[in-house]
Amino acid sequence: MSDFPFLSVLTVAPLVGALVVAFLPRSRPELAKQVALGWSLLVLVLSVVMWVTFEVGGDRFQFRESYTWIPNWGVSFTFATDGIALVMLMLIAVLVPLVILASWHDAESSKRSVPVYFALLLVLECTMIGVFAAADVFLFYVFFEVMLVPMYFLIGSYGGHQRQYAAVKFFLYSLVGGLFMLAAVIGLWVVGGKTFDWQALSQVDISTGTERWLFLGFFLAFAIKAPFFPFHTWLPDAGGAAPAGAAALLVGVLDKVGTFGILRYCLPLFPDAAKWFAPWALALGVIGIIYAALLAVGQNDLKRLVSYTSIAHFGFIGVGIFAFTTQAGTGAVLYMLNHGLATGLLFLVVGMLIARRGSALISDFGGAGKLVPILAGVLFFAGLASLALPGTAPFVSEFLVLIGTFTVNKPVAVIATLGIILAAAYVLWMVQRTTQGTLNPALTQIDGMKRDLNLREKFVVAPLIALIVLLGFYPKPVTDVINPAVQATMQDVGRTDPAPTSGGTVQEAAK
């Protein structure tokens, strides 16, 4: 099975499915949903087989494929995956079918084409898989840019209030970041011997000044995509306007392209520049943690609140990456996975609440748990996972990031820890104002608030809850896949971990 072209098949399959769904008659919405769900489940099955086939402790990059594309420019369709990319591919494969199930009636409520909506979700899956699987810098850039198109239409055509404004802002921010990266890609091609192959470029010796400029071009694009402070302002608007399912993919997966790009391109290709910029990156991460958490506390819109929580979480990921320790790096990658699960669940549950109430304003709720107790319970669980309660998967990630950072930079770790306290404030206050306390009499007059989770919605939330709990107690199967790739990245940067204390390494404690 290791010779099977997993990555090219996984990339192309959703695109083929999207074409099939898009050409289905608009009068057959149920068929479009069923075909889209079936196609996404096929991708999930293939991804599980690839996960099982992946050799932990084997070559750093596996399932490598390369097909000539533009020989005069040295461009090829080259795919390969390491442990970092593999966990992100699995996250995509898990989330997309659940998003399709959760979005079963979203397109109908917008009174737009149902087949087009689900086709856009499959096109988005294709581009997300491609961006994580690419091992050619130009191919990565192409997927990085094309990924904007389906999300732009999902927000602009199927979103809620101010959807056009949010879609244009999202597109422009990402496009500007892409222009910075395009300049850096061209520069890298020139100094790298006119090739875009990642492995060849990782061996190129670049002068100090040039390396710093190239690093900055890539980093700005990834900082906007993530987003890191102060490039974050597009996310609350886009997350607040997007349909709940699209928002779950936007915050759960698309934003991870930024942090993944830093790990895959900025650190290995420009190691000296990465070390030179690290103090600035750590400062941005810490500011983002505190600043976004404070803004989240003051939000009255549920989806904007969740968006701000994600900006704070990306601060933790940034700190973990630029601490340059294996523990913090492993925690950062694990955080990328666990944040996708926890925030994906939170966005989907918030979407279910909003669909029932017909409003995203927290002030329009109050005591909703008395009417929809199961939904309120899932919201509470998702909130606890988001604030990294021990026993949930995000806790393991946050623990590794903070303790791995503390060993090399105590002030950054201590300040970042304040974000945990603020997370408890904004999550628990959100839960208290929406589902707890005195019942808002207006809710009893709304038919939607009289319906708790149905069977379809239970199928959406149950796998995410199970994964969050499982990885909260037993993250070893994932950390075993991540660790070798993170260690190799730290070696590329030329950093080694501090000597372990008598209590053993953090990785041993995590296992």
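Here, the structure is the one placed above.
Q: Describe in detail unusual backbone geometry, supporting the description with residues and values.
A: Omega for the peptide link from Ala226 to Pro227 comes to -5°, which places this bond in the cis form. With respect to the helices and strands, Pro227 occurs in the loop between α10 (208-225) and α11 (234-241). Each neighbour pair has its own omega, and for Phe229 with Pro230 the value is 5°, a cis peptide bond. In this structure, Phe63 takes a positive phi of about 55° despite not being glycine. When you line up the elements, Phe63 lands in strand β1 (residues 62-70). For Phe63, a relative accessible area of 8% translates into the label buried. Positive phi outside glycine occurs at Gln162, with the angle close to 60°. Structurally, the position occupied by Gln162 is in the loop between α7 (148-158) and α8 (163-191). Assessed through its relative accessible area of 48%, Gln162 is described here as partly exposed.

Q: How would you explain a nonpolar patch on the surface if you had to name every residue and give the values?
A: Together, Val168, Leu172, Leu175 and Leu179 give the surface a local cluster of nonpolar side chains, amounting to about 320 Å² of exposed area. Position of Val168 relative to the elements: it lies in helix α8. Assessed through its relative accessible area of 35%, Val168 is described here as partly exposed.

Q: Describe the packing of aromatic side chains, listing the residues and the values that go with them.
A: Applying the stated rule across the entire model yields 31 aromatic pairs. Between the aromatic rings of Phe4 and Phe6, the centroid separation amounts to 4.9 Å while the plane-to-plane angle is 70°, which identifies the pairing as edge-to-face. Here Phe4 falls in the partly exposed class, since its relative accessible area comes to 34%. In this structure Phe6 comes out as buried when scored by relative accessible area, which is 1%. Considering the side-chain rings of Phe140 and Tyr265, the 4.5 Å spacing of their centres and the 40° angle between planes classify their relative orientation as tilted. Taken together, the positions of Phe140 in helix α6 (residues 137-146) and Tyr265 in helix α13 (residues 256-269) put the pair 125 residues apart, joining distant regions of the chain. Every member of this aromatic cluster is reached through a ring pair, and the members are Trp69, Trp73, Phe77, Phe138, Trp189 and Phe196. The aromatic ring of Phe144 is capped on one face by Lys225, whose charged end is 4.9 Å from the ring centroid.

Q: Give me the packing of helix α3 (residues 83-102) against helix α12 (residues 244-254): which residues, what numbers.
A: Axis separation between α3 and α12 bottoms out at 10 Å; the angle between their running directions is 170°. Here α3 lies roughly antiparallel to α12, going by the angle between them. Our pair here, α3 against α12, has a crossing hand that is right-handed. On α12, the residues that touch Leu91, Ile92, Leu95, Val96 and Val99 of α3 are Gly245, Ala248, Leu249, Gly252 and Val253. Taken together, the residues of the contact of α3 with α12 break down into eight nonpolar, two polar and no charged.

Q: Now, about the layout of surface pockets: what can you tell me, with residues and values included?
A: Of the voids in this model, the largest pocket is the one considered here, and its volume is about 960 Å³. Lining the largest pocket are 39 residues, with Asp106, Lys303, Gly351, Ile354 and Ala355 positioned closest to its centre. Elements supplying a minimum of two residues to the lining of the largest pocket: α4 (106-110), α7, α8, α11, α12, α15 (302-322), α16 (326-357) and α20 (455-473). Classifying every residue of the lining of the largest pocket gives 14 nonpolar, 13 polar and 12 charged. Considering only enclosed or pocket space, the second largest pocket measures out at about 280 Å³ in volume. Lining the second largest pocket are 13 residues, and of these Trp51, Met90, Leu467, Leu471 and Val478 lie nearest its centre. Contributions of two or more residues to the lining of the second largest pocket are made by α3, α16, α20 and α21 (476-493). The element that contributes the greatest number of residues to the lining of the second largest pocket is α3, accounting for four residues.

Reading guide: rules and limits
Residues numbered from 1 in each chain as written. Predicted model: local features only at pLDDT ≥ 70, side-chain atom pairs only at ≥ 80, totals over all residues. Heavy atoms only, no water. Helix = DSSP H or I, 4+ residues; strand = E, 2+ residues; numbered from the N terminus. Buried < 20%, exposed > 50% of the residue type's maximum accessible area, 1.4 Å probe, protein only. Patch = residues over 30% accessible without salt bridge, like charges linked within 9 Å, V, L, I, M, F, W, Y side chains within 5 Å. Areas by Shrake-Rupley, 256 points an atom, 1.4 Å probe, with all protein chains shown as cover. Salt bridge = Lys/Arg side-chain N within 4 Å of Asp/Glu carboxyl O. Phe/Tyr/Trp six-rings, centres within 6.5 Å; stacked < 30°, edge-to-face > 60°. Lys NZ or Arg CZ within 6 Å of the ring centre and 35° of its normal. Axes fitted to C-alpha atoms, helices over the stretch in contact; angles between N-to-C directions. Parallel < 35°, antiparallel > 145°, perpendicular 65-115°, else oblique. Left-handed = near helix turned anticlockwise from the far one by under 90°. Contact = heavy atoms within 4.5 Å. Nonpolar A, V, L, I, M, F, W, Y, C, P; charged D, E, K, R; others polar. 1 Å grid on protein atoms, 1.4 Å probe; cavity = no way out; pocket = protein on both sides within 12 Å on 5 of 7 lines; lining within 4 Å. Points joined across faces, edges and corners; volume = space filled by probe spheres on them.

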